[in-house]
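Next come the chains, spelled out residue by residue.
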Amino acid sequence: MLRRFLQGGALMAVVLCAGPALAQKKQGDVNVFLRGGIGDYTGDLGDLASTGPLWGLTLNLQPTTFLGFEVGYEGSQNKVSDSRLFDAPSLVRNGGSALVKVSPPFLTAVRPFAGVGLGLSYVDVRGAGEGLYDSDLMEEIPLALGLEFNTGGLTAGVRGTYRLLIDQDFANVTSTDDNGGGLMDASLTLGARF
């Protein structure tokens, strides 16, 4: 009986001592953060759209120190200044994207990264502009560069993303087959690590 009690006590001590060490080593595998910043269209549409606010929520999984996966929601709003319209519309974009991120394996507290992925957004044209601008879905290829600062249970960062727009049918009149466009943004991130 005494032997089983000692074995149970030893097992309990190992679990109690190893638990915090394992949790500390694993912290940071999952990050959830908010994004806020500014964005603007490039190409043909960039000549007409103004810089506007950008917002989002992202879930980042970091299975290794050099490879990460992100899924997230993002929205933005850009005013259009078109001389053909008395009351210019706003382009309100809501969508989601998934990215694969790579970073140097030896940097974890301050982690630079590059990422590429796929995205899908719905651009809602609000205001005047019927016939010139129509609400539509657009496919995107996001390319991201950034820097994350990780400490304990917190994460923060800065990032820039260029989204190559596969189609921009919401602005058929302003775009041509020869001149594509994209969406460029800069944002700050703040969140929690688990």
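- By the naming in an unreviewed UniProt entry, the protein goes by Outer membrane protein beta-barrel domain-containing protein and is assigned to Corallococcus coralloides.

Some thoughts on the overall build of the protein
Thinking step 1. Within the protein, the regular secondary structure consists of two helices and eight strands.
Thinking step 2. Starting at the N terminus, the α and β elements of the protein follow one another as α-β-α-β-β-β-β-β-β-β.
Thinking step 3. Buried positions account for 38% of the 194 residues belonging to the protein.
Thinking step 4. Accessible surface, the protein: about 10700 Å² in total, of which carbon and sulfur atoms supply 69%.

With respect to the environment of Val32
Thinking step 1. As for its placement among the helices and strands, Val32 is situated in strand β1 (residues 30-41).
Thinking step 2. Taking the C-alpha atoms as reference points, Val32 and Gly72, separated by 40 residues in sequence, lie 9.5 Å from one another.

Let's talk about the packing of aromatic side chains
Thinking step 1. Applying the stated criterion to the full structure yields zero aromatic pairs.
Thinking step 2. Between the NZ or CZ atom of Lys101 and the centre of the ring of Phe113, over which it lies, the distance is 4.3 Å.

Quick notes on the sheet that holds strand β8 (residues 182-193)
Thinking step 1. Reading around the barrel, the eight strands line up as β1-β2-β3-β4-β5-β6-β7-β8 and close back on themselves, with antiparallel pairing between neighbours. Across this sheet, the average inter-strand angle for adjacent strands is 25 degrees, counted without regard to direction.
Thinking step 2. Bridge analysis of strand β7 (residues 154-165) against β8 gives eleven bridges, and the strand direction is antiparallel. Bridge pairing links Leu164 to Gly182 in β8.

A few points about the pairing of β8
Thinking step 1. Bridge count for β1 against β8 is eleven bridges, and the pairing is antiparallel. Looking at the pairing, Asp40 lines up with Met184 of β8.

Description of the nonpolar core
Thinking step 1. Core analysis: the largest hydrophobic core is formed by twelve residues, namely Tyr41, Leu45, Leu48, Ala49, Val80, Leu91, Val123, Val125, Tyr133, Met138, Leu165 and Leu183.
Thinking step 2. Those residues in contact with Ala49 that lie beyond four places of it in its chain are Asp40, Tyr41, Asn78, Lys79 and Val80.

Focus: the pairing of β1
Thinking step 1. Pairing between β1 and strand β2 (residues 52-61): ten bridges, direction antiparallel. For Asn31, the partnering residue across the bridge sits in β2 and is Asn60.

Concerning the pattern of salt bridges
Thinking step 1. Overall, the coordinates contain eleven salt bridges when judged by the stated rule.
Thinking step 2. Two residues, Arg126 and Asp124, come together in a salt bridge whose shortest N-O distance is 2.9 Å.
Thinking step 3. Taking relative accessible area as the criterion, Arg126 reaches 46% and is therefore assigned partly exposed.
Thinking step 4. Among the charged side chains, a network of salt bridges with common partners joins Arg35, Glu74, Arg93, Glu140, Arg163 and Asp185.

Some thoughts on the side chain of Arg93
Thinking step 1. Note on placement: Arg93 falls in strand β4 (residues 90-102).
Thinking step 2. Exposure remark for Arg93: the relative accessible area of 1% places this residue in the buried category.
Thinking step 3. One polar contact links Arg93 to Glu74, side chain to side chain, over a distance of 2.5 Å.
Thinking step 4. Arg93 has contacts with Tyr41, Leu54, Glu74, Gly75, Ser76, Ser121, Tyr122, Val123, Met138, Glu140, Arg163 and Leu183, leaving out every residue within four places of it along the chain.

Quick word on the side chain of Glu74
Thinking step 1. Mapped onto the elements of the fold, Glu74 is located in strand β3 (residues 67-79).
Thinking step 2. Take Glu74: its relative accessible area is 3%, and that puts it in the buried class.
Thinking step 3. A polar contact is formed between the side chain of Glu74 and the side chain of Arg35, at a distance of 2.6 Å.
Thinking step 4. Each residue touching Glu74, except ones within four places of it in the same chain, is listed here: Arg35, Leu54, Trp55, Gly56, Arg93, Asn94, Gly95, Arg163 and Asp185.

Rules used in this analysis
Residues numbered from 1 in each chain as written. Predicted model: local features only at pLDDT ≥ 70, side-chain atom pairs only at ≥ 80, totals over all residues. Heavy atoms only, no water. Helix = DSSP H or I, 4+ residues; strand = E, 2+ residues; numbered from the N terminus. Buried < 20%, exposed > 50% of the residue type's maximum accessible area, 1.4 Å probe, protein only. Areas by Shrake-Rupley, 256 points an atom, 1.4 Å probe, with all protein chains shown as cover. Phe/Tyr/Trp six-rings, centres within 6.5 Å; stacked < 30°, edge-to-face > 60°. Lys NZ or Arg CZ within 6 Å of the ring centre and 35° of its normal. Pairing = 2+ DSSP bridges. Axes fitted to C-alpha atoms, helices over the stretch in contact; angles between N-to-C directions. Core = buried A, V, L, I, M, F, W, Y, C linked by side-chain atoms within 4.5 Å. Contact = heavy atoms within 4.5 Å. Salt bridge = Lys/Arg side-chain N within 4 Å of Asp/Glu carboxyl O. Polar contact = N/O pair within 3.5 Å; in protein donor to acceptor, adjacent residues only side chain to side chain.

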